[in-house]
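As a plain string of letters, each chain reads:
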Amino acid sequence: MKGTMIGLEVHVQLSTDSKLFCSCPTKGSDAEPNTRVCEICLGMPGSKPVLNKKAVDFALKVALALNCELNTEFFFSRKTYFYPDLAKDFQITQYEVPVGKNGFAEVDGKKIRLRRIHLEEDPASLVHESGARKSAYSLVDYNRSGIPLIELVTEPDMQSPAEARRFLDTLLTTLNYLGVYAHGASVLKVDCNLSIDGGSRVEVKNVTGFRAVEAALGAEEKRQRSVVDSGKKIEMETRGFDEASQSTYLMRKKETEEDYGYITEPDLPKVVVDSKWLSSVKAGMPELADSKKKRFMREFGLSEYDASVLASDKGLAQVFEETAKADAKIAARLVSRELAGILNYNRVKLGETKVNGKGISELVLLVKGSKVSDKNAKESLIKYVLEGISPKEFLEKNNLLIDVSSSDLEGIVKETVKENSSAFSEYKSGNEKSLNFIIGLVMRKTKGKANPKQVQEILGRLR
């Protein structure tokens with residue numbers, strides 16, 4: 001088989017208040033290591049785990065959203081390996097029977113198959129004094145140990161690093177809509193599996209960040225092709241990714257499933273999700289991005305582009321819906337293009353700003369009533385995002401609202417044309433630059449309070 005084959009194992013930290021098998025908090029303002037721990041997450045002899053029901057609810061929601069077959073009866077297993085981030089020398093996970101299986105996510109019209117979605121506990125975090133490859137020693141912080149994760153395992157259906165990143169973007173959008181994952185650093189980690197031309201699979205372990213995933217896959221694909229071109233074979237192994245050098249490095253030869261010595265977890269009973277429980281989970285499912293996109297196109301007559309941009313972000317979609325009653329087309333343009341562009345350019349998330357539907361609605365009405373130029377509308381949005389000043393307040397305080405009457409504006413335009421007759425003649429001959437030149441002069445005379453579209457209409461009527 002020719003070509004690149006990529007499969008991902010995505011670890012998602014769930015946004016529960018307590019850990020998967022104990023009552024220790026998952027969040028806290030303290031930065032002290034080993035303070036959010038107990039005998040269960042420290043793996044002390046005689047301690048007994050108790051399953052967090054909310055984590056199961058979240059896992060079921062993700063499985064439903066990703067079109068999985070649900071296993072309504074499942075159990076947990078012990079995955080044994082000896083490493084300092086697991087105090088008890090095994091991880092409680094699911095092996096034989098996951099929460100969900102045989103699902104898919106649609107990316108650019110293509111189905112990326114999901115083999116399984118299962119629940120497991122997070123290991124502790126290792127703190128390396130000089131980086132993972134250079135440290136003389138490492139410290140262990142068990143605050144993270146026992147935090148609930150879901151692991152999503154795809155089939156090797158992706159054919160390029162860019163496609164893998166688009167899959168992750170789609171997955172993150174779904175998780176955002178469901179409200180199940182914990183935002184913050186290092187909460188979504190990816191093990192990247194890649195093979196070329198039907199050769200052995202290599203895993204690049206624990207890559208954090210979508211840009212890093214794309215870079216790691218690109219680096220590993222390049223390395224494997226170089227090995228093959230030199231006449232050697234690709235060996236099955238586990239590698240790490242060094243962001244500084246943008247290269248992968250050998251960690252260990254690849255383990256097999258048998259190396260983990262899975263056994264059924266004896267301290268946890270089988271979980272049975274009855275019809276009442278499942279109905280409750282289904283009732284709490286929100287409208288997801290794809291459905292929302294189609295509804296926006298149908299209900300508000302939006303283009304596929306605008307509807308896609310709006311639906312791809314839960315916050316933007318909410319702001320749009322709150323402003324659509326003022327004027328859906330203007331609201332879509334301001335939110336999907338101007339607001340989204342400002343947020344992206346400044347690398348700011350909507351939730352970090354004071355932007356809300358009320359402030360955007362006021363601006364939509366001003367635009368609809370031709371009370372503000374496009375330039376000043378955008379400027380007011382920038383201030384809204386970065387400084388929290390509502391568009392209407394900013395425009396009023398800075399005297400930027402259009403208040404030139406039609407008759408006054410026509411007089412100013414005629415006066416400008418008279419003063420610049422050669423430019424006007426060039427405009428009449430089809431010179432676009434001359435048109436913009438005259439409009440600029442009128443805007444200067446009116447101190448930006450005229451509507452450029454009205455100025456162009458008046459110019460079009462003049463002979």
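Computed from a prediction, not measured in an experiment: that's the story for all the values here.

What follows deals with the overall build of the chain. Looking only at helices and strands, the chain features 15 helices and 16 strands. Computed over its C-alpha atoms, the radius of gyration of the chain comes to 29 Å, more than 25% above the 23 Å expected for a compact globule of 463 residues. Dimensions of the chain along its principal axes, counting C-alpha atoms only, are 90 × 60 × 45 Å. By the burial criterion, 48% of the 463 residues in the chain qualify as buried. For the chain, contacts bridging at least 24 residues in sequence account for 67% of all contacts bridging at least 6. Entry remark: accessible area of the chain is about 23400 Å², with carbon and sulfur atoms responsible for 50%.

Take Ile458: it is sitting in helix H15 (residues 452-461). Take Ile458: its relative accessible area is 5%, and that puts it in the buried class. Along the sequence, Ile458 and Gly411 sit 47 residues apart, while their C-alpha atoms lie 9.9 Å from each other. Look past the residues within four positions of Ile458 in its chain and what remains in contact with it is Leu409, Glu410 and Val413.

Another point: the pairing of strand E4 (residues 77-80). Sheet topology note: the E4/strand E5 (residues 90-93) ladder contains four bridges and is antiparallel. Looking across to E5, one finds that Ser77 is bridged to Thr93. Bridge count between E4 and strand E15 (residues 263-264): two bridges; the pairing is antiparallel. The residue bridging Ser77 from the neighbouring strand is Thr264, located in E15.

Looking now at the pairing of strand E10 (residues 148-154). Moving residue by residue along a regular strand, the side chains alternate between the two faces of the sheet. Counting buried positions along E10 gives seven out of seven residues, so the element sits mostly inside the fold. Where burial is concerned, the two faces of E10 agree: the one with Pro148, Ile150, Leu152 and Thr154 and the one with Leu149, Glu151 and Val153 are both buried. The pairing of strand E7 (residues 110-121) with E10 spans seven bridges and is antiparallel. Bridge pairing in E10 links Glu121 to Pro148.

It is worth spelling out the pattern of salt bridges at this point. Across all of its chains, the model carries 37 salt bridges by this definition. Where Glu393 meets Lys397, a salt bridge forms, and the shortest distance between an N and an O atom there is 3.0 Å. With Glu393 and Lys397 both in helix H11 (residues 391-397) and four residues apart, the pair spans about one turn of that helix. Glu393 sits in the partly exposed class, given a relative accessible area of 33%. Three or more residues are tied together by salt bridges with common partners; here these are Glu287, Lys292, Arg295, Glu299 and Glu321.

One pass over the full model with this rule turns up six aromatic pairs. Aromatic pair Phe74 and Phe76: ring centres 6.3 Å apart, planes at 75°, arrangement edge-to-face. Residue Phe74 shares its accessibility class with Phe76, and that shared class is buried. Seen in terms of ring centroids, Phe300 and Phe320 are 5.1 Å apart; in terms of plane orientation they differ by 85°. Their pairing is edge-to-face.

Calculation notes
Residues numbered from 1 in each chain as written. Predicted model: local features only at pLDDT ≥ 70, side-chain atom pairs only at ≥ 80, totals over all residues. Heavy atoms only, no water. Helix = DSSP H or I, 4+ residues; strand = E, 2+ residues; numbered from the N terminus. Rg over C-alpha atoms; globule rule 2.2 N^0.38 Å. Buried < 20%, exposed > 50% of the residue type's maximum accessible area, 1.4 Å probe, protein only. Contact = heavy atoms within 4.5 Å. Areas by Shrake-Rupley, 256 points an atom, 1.4 Å probe, with all protein chains shown as cover. Pairing = 2+ DSSP bridges. Salt bridge = Lys/Arg side-chain N within 4 Å of Asp/Glu carboxyl O. Phe/Tyr/Trp six-rings, centres within 6.5 Å; stacked < 30°, edge-to-face > 60°.

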